[in-house]
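Per-entry structural report
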Amino acid sequence: MKVPFNDLSRVNVPLSREIAAAVDRVVRSGAYILGEEVDAFEGEFARFALSRFSVGVASGTDAITLSLWACGLRPGDAVVVPALTANPTVVAIDRAGGVPLFADVDPETYLMTAATVNVALREQCDQAGARMRSGGHPVRFLLPVHLYGAPCAMDALCELAAERGLTVIEDAAQAHGASWGGRPVGTWGKAGCFSFYPTKNLGALGDGGAVVTDDPGIVERLRLQRFYGQRNRVRQDALGLNSRLDEIQAAILRVKLPRVEAWNRERVRLADKYRAALPARYPVQALPEGGKPVHHLFVIRAPERASLRQGLAARGIETGVHYEVAANRHPIRAATSPACPVSERLAGEVVSLPLYPGMRADGQDEVIAALLE
Ligand SMILES: Cc1ncc(COP(=O)(O)O)c(C=O)c1O
């Protein structure tokens, strides 16, 4: 039996009439950039995220870059970031002009914690809190990643950030609807960054992203920066990008947003079934107590990863790897980055199993049966 790693048609095809109507509405409006659909979606997404504001941008990567600028990043500022993340988290820091300072992750939850950040700061910073490598960059930001849809322990991270004078910006690209301590991810820091890449828990039919924040000043700067740094068509006031959420994608996201919670519940149900059924030889990501995860990915560890994946593929079961290279080990920055042993070991062992809304029960049974053999 064929079990795909993901099948986006399972959520999108049942909505195809509504999506077509939404696209048609945009076509007929004659307004395709920063019009009524983006405006309406921003309000709806802010309500979903329990945040005062949201600002639509072109991607999750841009959401991070623009948030760093809007929160006052100066060229050369160091940004503490977990080494186990999707590389775009770090691409966004590079693009903003920041310097990543890699913290390792917890071996059970695979997430950045206050403990792993403390170790990174102790080992890589001088007493004044400047990054020691590459010439004393001031450490000014903390960028936790809610990896695989699992929320980081944000109370402890925010406390540490306050003690150290760090501004917290959350990468919630994989975690729409997750919460920590009853408070949604994305609302703990100064800004929360989301991606609407098609595979995400809320996915567009193309690229898209958003920043949520309670701070009107940040909103004003984000609006400026996503539009070339210009307040209007005439004058540039700030650094900027062309980074707008399209009207068409906003209209499609408005169709999908009311369904996210149900899709997330389905992800949780599928994840619970895997957890209950899988043999102990395949450890799964531990969920920190106090968090509500949304299972963007379901990740197990297998030291014999290549042979496991080959065996599953021979049975028609597709799997993924998130991520094969720890972010500190990419060739572009490996020479200047410290070791992060836990992240690097995990990068060698993690395997993502098929899990998506609309996944067939017999498909999941097949994956479980294959792993029990
Ligand atoms: C954790 C994380 N951060 C950032 C991004 C970047 O988002 P996008 O692909 O929309 O630029 C992604 C997705 O690729 C991601 O998974």
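For the structure itself, look to the data block above.
Residues numbered from 1 in each chain as written. Predicted model: local features only at pLDDT ≥ 70, side-chain atom pairs only at ≥ 80, totals over all residues. Heavy atoms only, no water.

**Digging into the pairing of strand E5 (residues 137–142)**
Rules: Paired strands are those between which DSSP finds at least two bridges. Counting from the N terminus, the helices are DSSP H or I runs at least four residues long and the strands are E runs at least two residues long.
Where strand E2 (residues 78–82) lies against E5, three bridges are found, and the strand directions are parallel. Each residue of the ladder has a partner; that of Ala78, found in E5, is Val139. The pairing of strand E4 (residues 130–131) with E5 spans two bridges and is classified as antiparallel. Within E5, the position partnered with Arg131 by the bridge is His137. When E5 meets strand E6 (residues 167–171), the two strands line up parallel, connected through two bridges. Opposite Phe141, over in E6, you have Thr167 as the bridge partner.

**Topic: the packing of helix H6 (residues 114–124) against helix H8 (residues 154–164)**
Put simply, the rule reads: Whenever a helix is involved, its axis is fitted only over the stretch in contact; in every case the axis is a line through C-alpha atoms, and angles between N-to-C directions fall within 0 to 180 degrees. Each angle gets one of four labels, with under 35 degrees taken as roughly parallel, over 145 as roughly antiparallel, 65 to 115 as roughly perpendicular, and the rest as oblique. We call two residues in contact whenever any of their non-hydrogen atoms come within 4.5 Å of each other. Ten residues, namely Ala, Val, Leu, Ile, Met, Phe, Trp, Tyr, Cys and Pro, are considered nonpolar, four, namely Asp, Glu, Lys and Arg, are considered charged, and the remaining ones, Gly among them, are considered polar.
At their nearest, the axes of H6 and H8 sit 9 Å apart, and the two run at 30° to each other. Our classification of the angle between H6 and H8 gives roughly parallel. For the pair formed by H6 and H8, the contact residues are Ala114, Val117, Asn118 and Leu121 on the first element and Ala156, Leu157, Leu160 and Arg164 on the second. Classifying every residue of the contact of H6 with H8 by side-chain character gives six nonpolar, one polar and one charged.

**Structural notes on the site of the ligand**
The condition that has to hold: Being near a molecule or strand, for a residue, means having at least one of its heavy atoms within 4 Å of it. Pairing of N or O atoms within 3.5 Å defines a polar contact, subject to two protein rules: one partner must be a possible hydrogen donor and the other a possible acceptor, and residues neighboring in sequence count only if both atoms are side-chain atoms. Here the Shrake-Rupley method, with its probe set to 1.4 Å, supplies the accessible areas, and only the displayed protein chains count as covering residues.
Neighbouring the ligand are 14 residues, the closest being Gly60, Thr61, Asp171, Gln174 and Ser195. At 2.8 Å from an oxygen atom of the ligand is found a side-chain nitrogen or oxygen belonging to Gln174. Starting from 390 Å² of accessible surface for the ligand in isolation, the protein chains cover 90%. Going through the elements one at a time, helix H4 (60–70) and helix H5 (88–96) are the ones with two or more residues in the shell around the ligand. Within the shell around the ligand, the residues separate by chemical class into five nonpolar, seven polar and two charged.

**Brief notes about the side chain of Ser243**
Rule in force here: Between buried and exposed lies partly exposed: a residue is buried under 20% and exposed over 50% of the maximum accessible area for its type, with that area taken using a 1.4 Å probe on protein chains only.
Mapped onto the elements of the fold, Ser243 is located in the loop between helix H9 (216–225) and helix H10 (247–256). Among the residues examined, Ser243 registers a relative accessible area of 0% and is labelled buried. At 3.1 Å, the side chain of Ser243 and the backbone nitrogen of Ala58 are in polar contact.

**Side note on the state of the cysteines**
The line we're drawing: Here, two cysteine sulfur atoms that lie within 2.5 Å of each other are counted as a disulfide.
Under the definition given, this model contains zero disulfides. There is no disulfide at Cys158, and the cysteine sulfur nearest it, in Cys152, is 10 Å away. Take Cys158: its relative accessible area is 18%, and that puts it in the buried class.

**Looking at the packing of aromatic side chains**
Let me state the cut-off plainly: Two rings from Phe, Tyr or Trp (for Trp, the six-membered ring) form a pair when their centres are within 6.5 Å of each other. A pair whose planes differ by under 30 degrees is stacked, one over 60 is edge-to-face, and the rest are tilted. A ring has a charge above it when a Lys NZ or an Arg CZ is no more than 6 Å from the ring centre and no more than 35 degrees off the ring normal.
As enumerated under the stated definition, the model contains eight aromatic pairs in all. Summarising the aromatic geometry, the rings of Tyr110 and Tyr148 are spaced 6.4 Å apart at their centres and angled 85° between planes, so their arrangement reads as edge-to-face. Here Tyr148 lies in the loop between E5 and H8 and Tyr110 lies in the loop between strand E3 (99–103) and H6, a separation of 38 residues in the sequence. Owing to a relative accessible area of 0%, Tyr110 belongs among the buried residues under this scheme. Given the relative accessible area of 1%, Tyr148 is considered buried. Counting every residue linked through ring pairs, the aromatic cluster contains Phe41, Phe45, Phe48, Phe194 and Phe196. In this arrangement the basic side chain of Arg183 is found over the ring face of Trp188, its NZ or CZ atom lying 4.5 Å from the centre.

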